[in-house]
Every structure is written in structure tokens, then in C-alpha cells.
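Letter by letter, the chains look like this.
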Amino acid sequence: MVANLGADRFAPATCPRLIVKIGSSLLVDAAGTIRRDWLAGVVSDIAERQRAGQQIAIVSSGAIALGARRLGLTKGGRASLEDAQAAAATGQIGLSHAWAELLGAEGLTAAQMLVTLGDLEDRRRYLNAAATLDRLLALGVVPVINENDSVATEEIRFGDNDRLAARIAQAAGASGVILLSDVDGLYTANPARDASATLIAEVDEVDDDIRAMADGGSDSGMGSGGMVSKLEAARIAQAGGAHLAIISGKVERPLAAFAAGGRGTVFLSRGGASARKAWLAGRLTAHGIITIDAGAVAALKQGSSLLAAGATRVTGGFARGDVIEISDPAGTRVARGLSEYDAADAARIAGHRRDAHAALLGYAPRAALVHRDHLVLL
Ligand code: GLU
């Protein structure tokens, strides 16, 4: 059975470290209270896997939904950024308390980590967070992670915990991510409207065909943003060497149900990128764009560095060492990398061969605009 094949990839023996993400709609009911019985079942699943030798970190949503109820805020606490931040600050205490209590009842110790996008985009802070996660997991503790919504502003938020879970998987060196969702995977079309829609058991690559399927479900009431952000999470996880599964959380003991052959979509890991390249591929923000010609696109795909001669346009205000995106002539992002030059100097040498660079720059040029060691194809 294909579904069983998927479940095997998340077994303790094949996946020593696993990230489990749980969405707000599963954790909190319509009245704004924690669904304790269901959550206790998830915790039993986690405890079972821990006893079998798997290290698990949880990415838990639900703070805003819980806090909104406590504060009597409208629109689930999302009417304004200030409301969301107040709701998150209030709800997070209750959420942590529930996790600590339920994990404690299974003899497990919980730890809380609240992170912002900036914490994981900045290389030094990322490494700090990674070291903390590594230590906690090695100590047998179950880290419970959420976005630090009460300080993150709109511009610097992850905004959804799907992508946060994929970034945490990279930071923790996990080889698997399970997104517990209110859908049981990715369908070829919107199953609510198309009776012929089928569940896709495995996905090798999140390409345009796959993205189109998520768009197809846009007004299904399941939340199109939901599937779009899950696909982005899958891309980040795959690039970082982790499998990612979307499975239904609408059943009791969902991890056990999946392991027993339950339905879901597994996005297969694309294997061994170096840790630095995985971090680059997973970054969500870039400081500029370098557009390149078709010849340079072909060269990058063969593993070459990006040479200035192949660049046709430079936009953005990046400094040397900043992350930039590389686009093909049609404007499609093809790669991401660390620029060897600031934006002004990159623009100066764009389109010129290397022997002209010294005269254009007034100093000895570097070997490439983006070195292949600091470049990942998307
Ligand atoms: N961090 C948000 C919360 O705790 C949830 C984000 C999401 O919905 O993915 O409420």
C-alpha cells in the first residue's frame, strides 16, 4: 500500500528526529477552548514514538484563537495586528500550560521556544536556535514551538506555522515533518466540487502542476492559503533533506492512524543539500533580484557559479553577503544565493566579462557574482 510506504518514512528507525505541527482549528474548538481529549491522544502518540527512540518537537498554533476568547476579541483576535499580538500573548500561557500538563502526564518534559522569522533568517541567531533545539532533543525533552506573535510585526511574521515547522526541521536536523491538518492531503482538484478528484500519495517535486492543484482548491472552504503555505513548507523541507507529510488530524490518535496505513500526502526529501545551502533555500526573504540570460540559467543548472557576464539586470538595495534571488528572463525565480558584491557594484559589472571588471570597479574583481558554494537552485 502506498500510504504505508509513506508512513514508514516517519517510523522512529528511519526518521530519528521528527517535527509535528498542529494547526489552530484542531487544537481549539469553535467556542475557543482547547480540545483536551483529542490533544491527549496526540500526546499518547508522541509518547509512544519517544519510547521507541524517536525525538520529537512540536510546532503548536492556537495561541491567538485561545487568547481571543479569553479577551473577548472579535474575529478570532485577528481584527488588527494589535489584537492578534495581545491575543497571542494571552493565549500562549494557556497553550504552554496545556502542553506541559499533557506531556507531563505521559512522563515527558515540555520546553517552550517562541521564535520570529528574523530569528531564523539571521544566520547567527539561526545557529543559536539550532543549538538549543539540538540540546533539548538530545536531553529527551519535547520542545513546543510557536511563532513569537506578540512581538513579530506584519512584515517580519512567518504568518503560518506550516513554514515555521519546515524551518524548524532544518534547524533541528530532522528528517521528517508531519503537518496535522483538517484535510487529509493534497488532491488533484478541489474534492468538494470535483467528484473525480483523487488524493496524491507521493510528490517528488513541488512544481507548477502541483501548485495549480492547490489553487484549484481555493474556494473550497478548507482555506486555499492553507494548502499554498503547506506546499511552500514542503518545498523548504524537501530542499533541507526532510520528508513532509500532510495528514488528517480529524481522527483520534492521528499519528498512529497514519502509521497504520492512513491516508496522507508525502512530499519526498530531495536529499543531501549542505546545511548552509538548506538554510539558504529555506529563507523567506531576499534583498534583491539579479535577472540573468538564458545561457546563464543553463550554466547554473549545470552547477556553475553565476558570472557577471550573464546578468542582465540588478534590482534591490543589497550589500555584499546578502541573500538575493536570481530570475530567468521571464521573471521566474530560478535560484537564490549570497551576493559577492553590493547592488551598485553588481549593476556596474552586469553584462560585462571578467577582464573588464577591474576597470569598472576600481578594484580586483571576485571570481563570480554569486559563487556556486553559496547558491541553490529552486
Ligand atoms: N502562531 C499562530 C497562533 O499561535 C498560528 C499561526 C497559524 O495559524 O499557522 O495562533
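The structure contained in this document is the topic of the report that follows. (Residues numbered from 1 in each chain as written. Predicted model: local features only at pLDDT ≥ 70, side-chain atom pairs only at ≥ 80, totals over all residues. Heavy atoms only, no water.)

1. A closer look at the side chain of S229
Looking at where S229 falls in the secondary structure, it is placed in helix α10 (residues 224-239). In contact with S229, other than residues within four places in its own chain, are D160, D162 and R163. (Helix = DSSP H or I, 4+ residues; strand = E, 2+ residues; numbered from the N terminus. Contact = heavy atoms within 4.5 Å.)

2. Focus on the site of the ligand
Residues in close proximity to the ligand include S61, G62, A63, I64, R78, N146, D149, D160 and N161, which together make up its full environment. At 3.0 Å from an oxygen atom of the ligand is found a main-chain nitrogen or oxygen belonging to A63. Here an oxygen atom of the ligand and a side-chain polar atom of N146 are 2.8 Å apart. The fraction of the free accessible surface of the ligand (300 Å²) that becomes covered by protein chains is 90%. (Near = heavy atom within 4 Å. Polar contact = N/O pair within 3.5 Å; in protein donor to acceptor, adjacent residues only side chain to side chain. Areas by Shrake-Rupley, 256 points an atom, 1.4 Å probe, with all protein chains shown as cover.)

3. Considerations on the packing of aromatic side chains
Evaluated as defined, the whole model comprises 1 aromatic pair. Ring geometry for F10 and F258: centres 6.0 Å apart, planes at 55 degrees, overall tilted. Residue F10 is located in the loop between α1 (2-8) and β1 (17-22), and its partner F258 is located in helix α11 (residues 254-259); the two are separated by 248 residues in the primary sequence. Judged by its relative accessible area of 0%, F10 falls in the buried class. Of note, R366 hangs over the ring of Y341, and the distance from its end group to the ring centre comes to 5.1 Å. (Phe/Tyr/Trp six-rings, centres within 6.5 Å; stacked < 30°, edge-to-face > 60°. Buried < 20%, exposed > 50% of the residue type's maximum accessible area, 1.4 Å probe, protein only. Lys NZ or Arg CZ within 6 Å of the ring centre and 35° of its normal.)

4. Describing the pattern of salt bridges
On inspection of all chains with the given rule, the structure shows 18 salt bridges. The partner of E121 in a salt bridge is R167, and the shortest N-O contact between them spans 3.1 Å. Taken together, the positions of E121 in helix α6 (residues 117-121) and R167 in helix α8 (residues 161-172) put the pair 46 residues apart, joining distant regions of the chain. Salt bridges sharing partners connect three or more residues here, namely K21, D162 and K230. (Salt bridge = Lys/Arg side-chain N within 4 Å of Asp/Glu carboxyl O.)

5. Topic: the pairing of strand β8 (residues 264-267)
Going residue by residue along β8, you find G264 and V266 tucked away on one face and T265 and F267 tucked away on the opposite face as well. Pairing geometry for strand β6 (residues 202-203) and β8, over 2 bridges, is parallel. Residue pairing for β8: V203 is matched across the bridge by F267. Relative to β8, strand β7 (residues 243-248) runs antiparallel, the two being bridged by 4 bridges. Opposite I246, over in β8, you have T265 as the bridge partner. (Pairing = 2+ DSSP bridges.)

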